[in-house]
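# Observations on the model geometry
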Amino acid sequence: MGAYRCALPARNATADSSPHSTIHSPHNTQGILPMPAISAENLTKNFDDFVAVDSISFAIDEGEIFGLLGPNGAGKTTTISMLSTMLKPTAGKATVNGCDILDQEDGVRKSIGIVFQDQSLDEELTAYENMDFHGRLYRIPGEQRKEKIGELLALVGLEDRRHDLVKTYSGGMRRRLEIARGLLHEPKVLFLDEPTLGLDPQTRNHLWEYIERLNREKGITIILTTHYMDEADRLCDRVAIIDHGTIIAMDTSQALKNQIGGDVVIVESPDPDAAADVLNAPWVANIERRDGSVVLSMQDAEHHIPEIVTDLHRHDIAITSLSVHNPTLEDVFLHFTGRSIREETASGMETMRMFHQRMRR
Ligand SMILES: Nc1ncnc2c1ncn2[C@@H]1O[C@H](COP(=O)(O)OP(=O)(O)O)[C@@H](O)[C@H]1O
Ligand SMILES: [Mg+2]
């Protein structure tokens with residue numbers, strides 16, 4: 001248990017028929033060879049004429065938390081469905097834990113735990129019974145099963161409620177139980193599809209802590225999908241931003257934000273076109289029109305605020321509002337797509353420093 005890994009090519013050390021064989025060639029198949037936990041190459045899925053996932057490629061290191069961030073319909077679930085062998089790709093290839101998703105489906109399935117959007121717990125059973133049932137499916141021997149269930153329920157903070165029926169559980173508790181259940185067979189890789197969808201902010205925070213903990217304490221590689229910017233930002237070592245089935249940017253959250261060119265300043269004005277013309281200064285890294293406002297990126301925005309105000313004033317251009325914030329992944333998405341991901345919780349996460357607060361000082 002736990003050390004499962006597909007051997008490289010078809011050769012497998014344990015398949016060697018001669019116990020006295022002295023040919024120990026590439027014998028390091030027990031996890032010594034460095035190998036990405038997941039690698040995808042030009043992975044593609046068409047539904048009839050519609051291209052849901054369009055030739056995406058990436059590699060995820062062991063122990064990484066990797067996020068697929070994108071709006072609804074971007075192709076996130078389709079991507080992890082292919083990686084987890086639930087859906088056949090139209091083209092391209094991928095390996096999970098060294099196992100080919102087409103030729104070594106069993107190996108992939110042994111290597112992964114999955115928590116998909118549709119919950120699949122039995123409401124009429126207790127948490128323990130749900131876990132036990134799953135453990136039997138995976139043929140985990142009795143004592144070991146019992147011990148493992150205890151350990152995992154503790155890991156997700158459900159040990160006190162282990163004998164309560166799942167129908168009495170809150171949404172967050174159910175999600176935690178599903179995650180614990182997905183870990184019962186000690187997978188090396190965990191797939192989480194929109195793990196905090198529909199949960200309230202406090203419960204989401206709580207769940208993030210558990211996800212971080214199991215990554216840290218168990219070294220499990222996690223690939224999660226989300227359309228929440230703050231979730232990707234908080235949890236993921238690296239993020240792939242996916243839109244219309246294509247990866248449009250992939251890096252650490254910080255590196256993605258750095259690509260924007262510093263702080264984000266939003267100037268609202270009755271005449272945004274004129275404002276944009278005036279504000280096109282050398283210290284502005286990027287300037288965009290967005291609805292009725294001008295969005296500027298620059299280093300050290302606080303030093304340029306007085307200049308922005310006086311320049312506009314000199315040209316008789318009114319300012320309706322002015323705000324400054326550190327870039328978020330929302331800004332990154334906007335930068336690359338020209339559209340907003342319609343992220344309802346982002347504004348609460350931004351450090352908004354309003355113009356008049358500043359000017360009163
Ligand atoms: N079985 C299917 N048949 C046809 N179209 C599908 C099917 N599954 C997904 N799609 C379409 O593929 C696109 C990507 O879907 P999905 O991967 O579920 O997106 P996401 O998880 O990012 O919201 C969507 O436009 C969706 O409607
Ligand atoms: Mg989805």
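Whatever comes next refers back to the structure up there.
Please read all numbers here as calculations on a predicted model, not as lab measurements.

### Comments concerning the overall build of the protein
The helix and strand inventory of the protein stands at 13 helices and 15 strands. Taken over 361 residues, the protein has a buried fraction of 49%. A sequence separation of at least 24 residues applies to 71% of the contacts in the protein between residues at least 6 apart. Here the protein displays about 17800 Å² of accessible surface, and carbon together with sulfur accounts for 49% of that area.

### So, the side chain of Lys45
In this structure, Lys45 sits in strand E1 (residues 38-47). Buried charge Lys45 goes without a salt bridge, the closest partner of opposite sign being Asp48 at 9.5 Å. Side-chain polar atoms of Lys45 contact the backbone oxygen of Lys88, separated by 2.7 Å.

### Quick look at the packing of aromatic side chains
A complete count under the given rule lists one aromatic pair for this structure. Ring plane angle 20 degrees and centroid distance 5.3 Å describe the contact between Phe58 and Phe66, whose orientation is recorded as stacked. With respect to class, Phe58 is no different from Phe66; both count as buried. Sitting over the face of the ring of Tyr228, Arg204 holds its NZ or CZ atom 3.9 Å from the ring centroid.

### Let's talk about the site of ligand 1
What surrounds ligand 1 is the set Phe47, Phe50, Ala52, Pro71, Asn72, Gly73, Ala74, Gly75, Lys76, Thr77 and Thr78. Contact distances for ligand 1 include 2.7 Å between an oxygen atom and a backbone N or O atom of Gly73. Taken by itself ligand 1 offers 560 Å² of open surface, and the protein chains cover 58% of this. Looking at the shell around ligand 1, the elements with two or more residues in it are strand E2 (50-60) and helix H1 (76-83). In terms of residues, the shell around ligand 1 owes the most to one element, H1, which gives three residues. By residue class, the composition of the shell around ligand 1 is five nonpolar, five polar and one charged.

Conventions used here
- Residues numbered from 1 in each chain as written.
- Chains lettered and ligands numbered in written order.
- Predicted model: local features only at pLDDT ≥ 70, side-chain atom pairs only at ≥ 80, totals over all residues.
- Heavy atoms only, no water.
- Helix = DSSP H or I, 4+ residues; strand = E, 2+ residues; numbered from the N terminus.
- Buried < 20%, exposed > 50% of the residue type's maximum accessible area, 1.4 Å probe, protein only.
- Contact = heavy atoms within 4.5 Å.
- Areas by Shrake-Rupley, 256 points an atom, 1.4 Å probe, with all protein chains shown as cover.
- Lys, Arg positive; Asp, Glu negative; His and termini not counted.
- Salt bridge = Lys/Arg side-chain N within 4 Å of Asp/Glu carboxyl O.
- Polar contact = N/O pair within 3.5 Å; in protein donor to acceptor, adjacent residues only side chain to side chain.
- Phe/Tyr/Trp six-rings, centres within 6.5 Å; stacked < 30°, edge-to-face > 60°.
- Lys NZ or Arg CZ within 6 Å of the ring centre and 35° of its normal.
- Near = heavy atom within 4 Å.
- Nonpolar A, V, L, I, M, F, W, Y, C, P; charged D, E, K, R; others polar.

All we've got here are geometric facts, nothing functional implied.
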